[in-house]
Amino acid sequence: MKRKVQIYIEDVAQSGNYNRIELFEDEKINVNLSVQNVSDISKVYTDFSQSFSVPASPTNNRIFQHFYNSDVDQVIDQNLRRKAYIEIDLTPFRTGKIQLEKSTLKNGKVDSYQITFYGELLSLKDKFKDIKLKDLDYSSISHDYDYTNVKNRVTLDSTDYDVRYPLISSSRLWSYGDASSTDITQTSSAIDFTELFPAIRVKKIFDFIETKFNITFQSLFLSDKKFTDLFLYCKNSETPNIKDSQEVDLISQTTPPFFSGKFDLTTNTLNVDYVDMNSPIDGYYQSAHHYVKIGISNVTDVNAIYYIDVYRNGNFEKTIQGSGNNTYAVDWISNEDGLADKFKFKISSPDLVTLTTRVIYSFEYVYHSNPLNIDTLGQEVFIALADDLTFSGVNINLSNLMPDMLVEDFFKGILSEFNLTCVYIGNDTYEIEPLDDWYRKGAVIDITKYTDVTTIDVERLKLYKSINFEHEKSESFLNRQFFDLNGTEYGDLKKTFNYDGEDYNIKVPFENLNFNKFTSTDTQVGYCLTKFPDHKPYIPKPILLYYYKKLPTSAKITDGTTTNSMTNYICFGQDNVVNNYNMSINFGSEVSSILNAINPNSIYNTYYSGYLNNMFNLKNRITKVLAKFPITLLTSLQLNDRLIIRDKRYIINEISTDLTTSEVNLVLVNDFRDVVNSIGSIGTDGGNTYVNFHMPNGGVSTTFTSSSGTTVTPSSTTTSTTLTFNVPSTATYKKTRITEDGKIRVSENIITRITEDKDTIHTVTSTTTTTTGGTITNNYTIIQTKSPI
């Protein structure tokens, strides 16, 4: 049976309304869907796009405004994608955006339009386009840059600061306890607080991205300690660029009588709009331009430096450096149809200074005012006055310190770092979870009865001979020393396999700074300094750091007048403690500088090995099969659902669907993953540990039961949530003495002794009721041991 496919496109003239596009009767509408693909394992930020033709009917001509005819005035900018959605037999299937690609004429008459339907993740990339990290609003975490604030953010854990100052030197070598001129335990060579650059919690940057783009990230991982303890080091200059920044607050304006107000005093915005050339102010226009300037006067310190940040249409455009009483050109814009730019300004200064600001807007034009057609220059000037701005020289403007990095590159880099998948779930909401967690959330669906089992292609997986996990190269002398000794960058990993395939590279846009712990101390520091003998400061690539914990130190910190011994400091590096595990943001299992031991819980072992071990299982195959799904399954199937055909379970590698016939070509990979989830280990004293529980697709409610005295909070849930397990203490361990003949000897007081500590296995079972009335059961295990990992 042929399905009825409906495609609706946004009506730009009537906000919130959609028009139905007419389709060819015989047009095949195929949609290819894939999130994780064995041929490109780093693309966890993917979706679909599909091109097809639609007839040039009167309805479609109206929708696309006769695009084929350039003489028709276009109200719609066809270069922009328009919101759209697809229905199958009136059932919602996918939302996204449509781009008009071209029109085709036959025998002088328009015949068709070619359009492309883009999924929502590609629309997310459109949102991020050209926006940099410095364009986000960090005002909510701004603070006074002074000695007390910096020292507290170095030493205190009683306040959970979103901005910290890691002990990373960008000016000189530090030593410890050697009484030399570089010894940071000495008053004369203490760490000057102005040597330190800030680091921002990455979770807050994700919050600011949500606010900037009016989107929502739905995720348990983003609230997980493995993520919330992650910080981005903010160093984009050799010395800290600390500036007090304030928005230019417009309070009054002058406007010629024949122009409406160009300034919005409520939003402090200058509106630069197209001026209709057919309605001249005087005479006949030949050309016109808009000229934007900003004037600074009444400067109390003519030697003070100030910076003018220009924002155009909500995005940062440029910074103008100035001093004294001057006027600066901002932009010169040609008067063209469709022009509608909005300008705002911020001024910052690292100095103590007060100044007055004027925003000056000129409309300049050439016109004929007499029959001799003599060109005459005309100009209309608009001026807005602002409140005086006073700079204290201490409030930190984090935007000025952010790495020069696009939001899109940062976002994709974090996804690749933790093997996260990003899926659109509706209403500008995107689900972000580690790939293994996302697959665990999938429903298990038996599709055998919908499958053509008479013809199934089984192929070998085309596997790689190596997978390389790489960071950006670091110029730090510690990193270069590591490379010289080991022939590889610190924290990188090369996994080799005995296959004849190609190499595959996963490279993140972050530098991985190696740290140094001083001998016989708990004091660990990093250096943004180049190799010996120069040891010059350098501007690093963006650096990710883990908050480890508070550790003792005898280092001193100073503002040049007051010097304090810190006694404790917040340690940063590659390590973090979660659920009694030492986690690492190294790709490979490196020797941890703070632990002085190999940390096995690397990025690869934690986030990549599950998927890759399943893929490289010798029993795994690519299975290609044809199916025909009912409309309910076609529209409800999610890409993390696991499919059963006969007695085998698969994950979806790729789906190609003919929406008109419901024929589905499935490319599947065998799923050999464990259904038992290991939470971690805990010591004999017991205590709390946690796990993120993801409500399975189609799940309605879940209850939890436990063994060995373990309690679970909450005991039931209707949504995805974080579970807290309280494990009882194990006060004594039974010992068993085993003789050479393997027999157990029991002592007179009936205490059994063993050669090793006996681990206790705690089991928690989740039982989920589904919309179909069935149940899904999963088990979670906690290992209680004398020496947790």
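In this text, all values refer to a predicted model and were calculated from it rather than measured experimentally.

Turning next to the overall build of the protein chain. Within the protein chain, the regular secondary structure consists of 10 helices and 56 strands. Looking at the protein chain as a whole, 51% of its 789 residues are labelled buried. Intrachain contacts of the protein chain at a sequence separation of at least 6 include 70% that bridge at least 24 residues. Element-wise, carbon and sulfur atoms account for 46% of the exposed surface of the protein chain, whose accessible area totals about 36,000 Å².

By convention here, two paired aromatic rings are described through the distance between centres and the angle between planes. Per the stated rule, a full pass over the model turns up 38 aromatic pairs. For the ring pair F469 and Y608, a centre distance of 4.9 Å and an interplane angle of 70 degrees mean the geometry is edge-to-face. Placement of F469 in strand β30 (residues 466–472) and of Y608 in helix α9 (residues 603–615) is noted, with a sequence separation of 139 residues between them. Accessibility expressed as a relative area gives 3% for Y608, which makes it buried. Linked through ring pairs, F128, F206, F213, F217, F221, F227, F410, F411, F418, F510 and Y607 together constitute an aromatic cluster. A cation over an aromatic ring shows up here: R81 above the ring of Y118, its NZ or CZ 3.7 Å from the ring centre. Between the NZ or CZ atom of R94 and the centre of the ring of F93, over which it lies, the distance is 4.8 Å.

This part takes up the pairing of strand β45 (residues 648–658). Of the strand pairs in this sheet, strand β3 (residues 30–33) and β45 are connected by four bridges, and their pairing is antiparallel. Bridging from a neighbouring strand, N30 pairs with D658 of β45. In terms of strand pairing, β45 meets strand β46 (residues 663–670) through eight bridges, oriented antiparallel. The residue bridging Y650 from the neighbouring strand is N670, located in β46. Counting the residues in the hairpin turn of β45 and β46 gives four residues, including S662, whose phi is positive at 70 degrees.

The next thing to look at is the sheet that holds strand β1 (residues 5–10). With antiparallel pairing, the six strands of this open sheet are ordered in space as β2-β1-β5-β6-β7-β4. At either margin of the open sheet sits one strand with a lone partner, and together these are β2 (18–21) and β4 (49–55). Looking at each pair of strands side by side, their axes are set apart by 35 degrees on average, direction ignored. Inspection of the sheet shows β1 paired to strand β5 (residues 82–88) by five bridges, in the antiparallel sense. Across the sheet, residue I7 finds its bridge partner in β5, namely I86.

Turning our attention to the pattern of salt bridges. Scanning the model with the defined rule gives 22 salt bridges in all. Two residues, D404 and K132, come together in a salt bridge whose shortest N-O distance is 2.7 Å. Taken together, the positions of D404 in the loop between β25 (389–391) and α6 (407–417) and K132 in the loop between α2 (120–128) and α3 (147–155) put the pair 272 residues apart, joining distant regions of the chain. Among the residues examined, K132 registers a relative accessible area of 28% and is labelled partly exposed. Across the salt bridge formed by D224 and K226, the nearest N and O atoms sit 3.3 Å from each other. Neither D224 nor K226 differs from the other in exposure class; each is buried. One salt-bridge network, held together by shared partners, links R312, E317, D331 and D341.

The next thing to look at is the sheet that holds strand β36 (residues 556–558). Strand order across the open sheet formed by three strands is β10-β36-β37, with mixed pairing between neighbours. In this open sheet, the two strands that pair with only one neighbour each are β10 (191–192) and β37 (563–565). Two strands pair when backbone bridges link them, and β36 and β37 are joined in this way by three bridges, in the antiparallel orientation. From the neighbouring strand, T558 faces β37, where its bridge partner is T563.

Now for unusual backbone geometry. Residue P533 is bonded to the preceding F532 through a cis peptide linkage, with omega at 10 degrees. With omega at -5 degrees, the peptide bond leading from T713 into P714 counts as cis. By the secondary structure assignment, P714 is in the loop between β50 (711–713) and β51 (716–717). Phi is positive for N419, close to 50 degrees, though the residue is something other than glycine. Inspection of the secondary structure assignment puts N419 in the loop between α6 and β26 (420–426). With relative accessibility at 1%, the residue N419 sits in the buried group. Although it is not a glycine, R646 sits at a positive phi angle of roughly 60 degrees. Turning to its location among the elements, R646 is positioned in the loop between β44 (642–645) and β45.

This next bit is on the side chain of N620. Inspection of the secondary structure puts N620 in the loop between α9 and β43 (622–628). A polar contact of 2.6 Å, which involves the side chain of N620, links it to the backbone oxygen of N614. Setting aside residues no more than four positions away along its own chain, N620 makes contact with L461, N614, M615, V669, N670 and F672.

As a further point, take the packing of α2 against α6. In contact at an axis separation of 8 Å, α2 and α6 are set at 135 degrees when each is read in the N-to-C sense. Relative to α6, α2 is oriented oblique. Taking contact as the criterion, the partners of L124, K125 and F128 in α2 are, on α6, V407, E408 and F411. Looking at the contact of α2 with α6, its residues break down into four nonpolar, no polar and two charged.

Side chains three or four residues apart in an α-helix point the same way, a direct result of the helix having 3.6 residues per turn. Burial in α2 covers these residues: E120, L121, S123, L124 and F128. On an axial view of α2, the arc spanned by its buried residues comes to 150 degrees, and they lie on one face. For α2, the elements touching its buried residues are β6 (91–106), β7 (109–119), α4 (202–213), α6, β26 and β27 (429–434). Remark: D130 follows α2 within two positions and exhibits a positive phi of approximately 70 degrees.

Another aspect to go through is the environment of N568. Assignment of secondary structure puts N568 in strand β38 (residues 568–573). Residues N568 and L156, spaced 412 residues apart in sequence, show a C-alpha to C-alpha distance of 7.8 Å. Ignoring anything within four residues of it in the chain, the contact list for N568 reads T155, K550, L551, P552 and T553.

We now examine the packing of α4 against α6. Where α4 contacts α6, the two axes come as close as 12 Å, and the packing angle between them is 130 degrees. Viewed along their axes, α4 and α6 adopt a mutual orientation that is oblique. Crossing angle aside, the handedness with which α4 passes α6 is left-handed. Of the residues in α6, those in contact with V202, I205, F206, I209 and F213 of α4 are V407, F410, F411 and I414. Along the lines of polarity and charge, the residues of the contact of α4 with α6 split into nine nonpolar, no polar and no charged.

In this structure, F410 and I414 are the most contacted members of the largest nonpolar core, which totals 135 residues. Per element, the largest residue contribution to this core is seven residues, and it comes from α9. Ignoring any residue separated from it by four or fewer positions in sequence, one finds F410 in contact with L133, V202, I205, F206, I209, L232, M405 and F510.

The rules behind these values
What you see as residue numbers is a count from 1 along each chain, following the sequence as written. Owing to the predicted nature of the model, reporting of local features is limited to residues with pLDDT of at least 70; listing and counting of side-chain atom pairs is limited to 80 or more, with chain, interface and lining totals taken over all residues. Heavy atoms throughout the structure, all of them, feed into the side-chain values; hydrogens and water do not. Strands are runs of DSSP state E lasting at least two residues, helices are runs of H or I lasting at least four, and both sets are numbered from the N terminus onward. The rule is simple: take the accessible area with a 1.4 Å probe, protein chains only, and divide by the maximum for that residue type; under 20% is buried, over 50% is exposed, in between is partly exposed. Contact definition: two residues touch when any of their heavy atoms are within 4.5 Å. Areas reported here follow the Shrake-Rupley algorithm with a probe of radius 1.4 Å; residue values treat only the protein chains shown as occluding. Pairing of aromatic side chains requires ring centres within 6.5 Å, counting the rings of Phe and Tyr and the six-membered ring of Trp. Pairs whose planes differ by under 30 degrees are stacked, by over 60 edge-to-face, and all others tilted. Here, a charge over a ring is recorded when the distance from Lys NZ or Arg CZ to the ring centre is within 6 Å and its angle to the ring normal is within 35 degrees. Strands pair, by our definition, only if DSSP identifies at least two bridges between them. Note on method: axes are straight lines fitted to C-alpha atoms, helices fitted across the in-contact stretch only, with angles between N-to-C directions ranging 0 to 180 degrees. By salt bridge we mean one thing: a side-chain nitrogen of Lys or Arg within 4 Å of a carboxyl oxygen of Asp or Glu. The term polar contact refers here to a pair of N or O atoms within 3.5 Å; inside protein, the definition further demands a hydrogen-donor-capable atom paired with an acceptor-capable atom, and it admits residues adjacent in sequence only when both atoms are side-chain atoms. For this classification, under 35 degrees means roughly parallel, over 145 means roughly antiparallel, 65 to 115 means roughly perpendicular, and everything else is oblique. For this classification, the nonpolar set comprises Ala, Val, Leu, Ile, Met, Phe, Trp, Tyr, Cys and Pro, the charged set comprises Asp, Glu, Lys and Arg, and every other residue, Gly included, is treated as polar. In this context, the arc is that of the directions from the helix axis out to the C-beta atoms. In this scheme, a crossing is called left-handed if the near helix is turned counterclockwise away from the far one by less than a right angle; it is called right-handed if the turn is clockwise. Among the buried residues, those of types Ala, Val, Leu, Ile, Met, Phe, Trp, Tyr and Cys that are joined through side-chain atoms within 4.5 Å form a nonpolar core.

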